[in-house]
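# Results of the structural survey
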Amino acid sequence: QVVGVGTRAMATWSKDHETWILGPLGSHFTAPGPGEMALLVAGGVGLAPLRFLAHRLQRQQIPVTLLWGIEAEKIPFATVPAFGGVGVDVVENPLVLAQEAAMGIVTRLASVKKREGFFHGFVSDLMDRILEIGTGLGVRPRLYVCGPTAMMAAVAGLAQKLALRGE
């Protein structure tokens, strides 16, 4: 998606184009403490850093649930039907991210647009619903959030209400 000078330049690159990049930038996420599982809440392109985190935590054998809210017309990742686990009763025939499902990472998708297999509403509403029913979590979640400011504010409000720690 072209949103500025950098992505405009990148849109002109061919498949074999090579360039230099600088990274990583910013600070890292803190690992969950003993007795905690990781609950990752992503909005839109906020999925990118949280996918990396989910994969790292999974390799460390930390239970991970990743919630992703997306409004784009086309979903840029393969999806498969959910098999049990957290939030199955939140939406009929839920879809999950295929790569993460193959790794044993629980994922659930949300959209304010009506989409088959998606929770209908904001990803923060999905988080609230899953925490309300407690299905499949089993242990106290530590939150990791990345996405639009309004979404992060909604998740922060829920975290405060439920006395959950997070980043």
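Our subject is the structure that appears above.
Residues numbered from 1 in each chain as written. Predicted model: local features only at pLDDT ≥ 70, side-chain atom pairs only at ≥ 80, totals over all residues. Heavy atoms only, no water.

### Here's the deal with the overall build of the chain
For the chain, the helix and strand inventory stands at five helices and seven strands. Put simply, the chain runs from its N terminus to its C terminus through helices and strands in the order α-β-α-β-β-β-α-β-β-α-β-α. Taken over the C-alpha trace, the chain has a radius of gyration of 16 Å; the compact-globule value for 167 residues is 15 Å, and the two agree within 12%. C-alpha atoms of the chain, sized along the principal axes, occupy 45 × 35 × 30 Å. Taken across its 167 residues, the chain has 37% of its residues classed as buried. Here the contacts in the chain between residues at least 6 apart in sequence split such that 61% fall between residues at least 24 apart. Taken as a whole, the chain presents about 10000 Å² of accessible surface, with 60% of it coming from carbon and sulfur. Side chains of the chain give 15 positive and 13 negative charges; the mean places of these two sets differ by 4 Å. (Helix = DSSP H or I, 4+ residues; strand = E, 2+ residues; numbered from the N terminus. Rg over C-alpha atoms; globule rule 2.2 N^0.38 Å. Buried < 20%, exposed > 50% of the residue type's maximum accessible area, 1.4 Å probe, protein only. Contact = heavy atoms within 4.5 Å. Areas by Shrake-Rupley, 256 points an atom, 1.4 Å probe, with all protein chains shown as cover. Lys, Arg positive; Asp, Glu negative; His and termini not counted. Charge placed at Lys NZ, Arg CZ, Asp CG, Glu CD.)

### Describing the sheet that holds strand β1 (residues 36-43)
The strands making up a sheet associate through hydrogen bonds between their backbones, and the pairing can be parallel or antiparallel. The sheet built from five strands is open, its strands ordered β6-β5-β2-β1-β7 with parallel pairing. Of all strands in the sheet, those bounded by a partner on one side alone are β6 (119-120) and β7 (140-146). As defined by bridge partners, β1 adjoins β7 across seven bridges and the pair is classed as parallel. Across the sheet, Ala-38 pairs through a bridge with Arg-142, a residue of β7. Along the sheet face, helix α2 (residues 47-59) touches β1, β2 (64-69) and β7 and points at about 160° away from the line of β1. Each of β1 and β7 is contacted by helix α5 (residues 149-162), which is oriented at about 160° to β7, the strand it contacts most. (Pairing = 2+ DSSP bridges. Axes fitted to C-alpha atoms, helices over the stretch in contact; angles between N-to-C directions.)

### Section: the packing of aromatic side chains
Under the definition given, this model contains two aromatic pairs. Ring plane angle 85° and centroid distance 5.6 Å describe the contact between Phe-29 and Tyr-144, whose orientation is recorded as edge-to-face. A residue pair is termed long-range when its members are at least 10 positions apart, and Phe-29 in the loop between α1 (5-10) and β1 and Tyr-144 in strand β7 qualify at 115 residues. Ring geometry for Trp-68 versus Phe-77: centroids 5.8 Å apart, planes at 65°, classification edge-to-face. Its relative accessible area of 30% is what places Phe-77 among the partly exposed residues. (Phe/Tyr/Trp six-rings, centres within 6.5 Å; stacked < 30°, edge-to-face > 60°.)

### As for the pattern of salt bridges
Evaluation of the coordinates by the stated rule reveals six salt bridges. A salt bridge links Glu-100 to Arg-51, with the shortest nitrogen-to-oxygen separation between them at 2.7 Å. Here Glu-100, found in helix α3 (residues 98-103), pairs with Arg-51, found in helix α2; they are 49 residues apart in sequence, far enough to count as distant. You'll find Glu-100 and Arg-51 in the same group, each marked buried. The salt bridge partner of Arg-129 is Glu-132, with a shortest N-O separation of 3.1 Å. (Salt bridge = Lys/Arg side-chain N within 4 Å of Asp/Glu carboxyl O.)

### Comments concerning the nonpolar core
Membership of the largest hydrophobic core comes to 19 residues, with the highest contact counts inside it found for Leu-39, Val-41, Leu-67, Leu-126, Met-127 and Leu-143. Looking at this core, the elements that each hand over two or more residues are β1, α4 (123-133), β7 and α5. Ranked by residue count, the leading element in this core is α4, at five residues. With sequence-adjacent residues up to four places away left out, Val-41 is seen in contact with Leu-50, Leu-67, Val-123, Met-127, Tyr-144, Val-145, Cys-146, Met-151 and Val-155. In this structure, Leu-40, Ala-42, Leu-50 and Tyr-144 belong to the second largest nonpolar core, which totals 18 residues. (Core = buried A, V, L, I, M, F, W, Y, C linked by side-chain atoms within 4.5 Å.)

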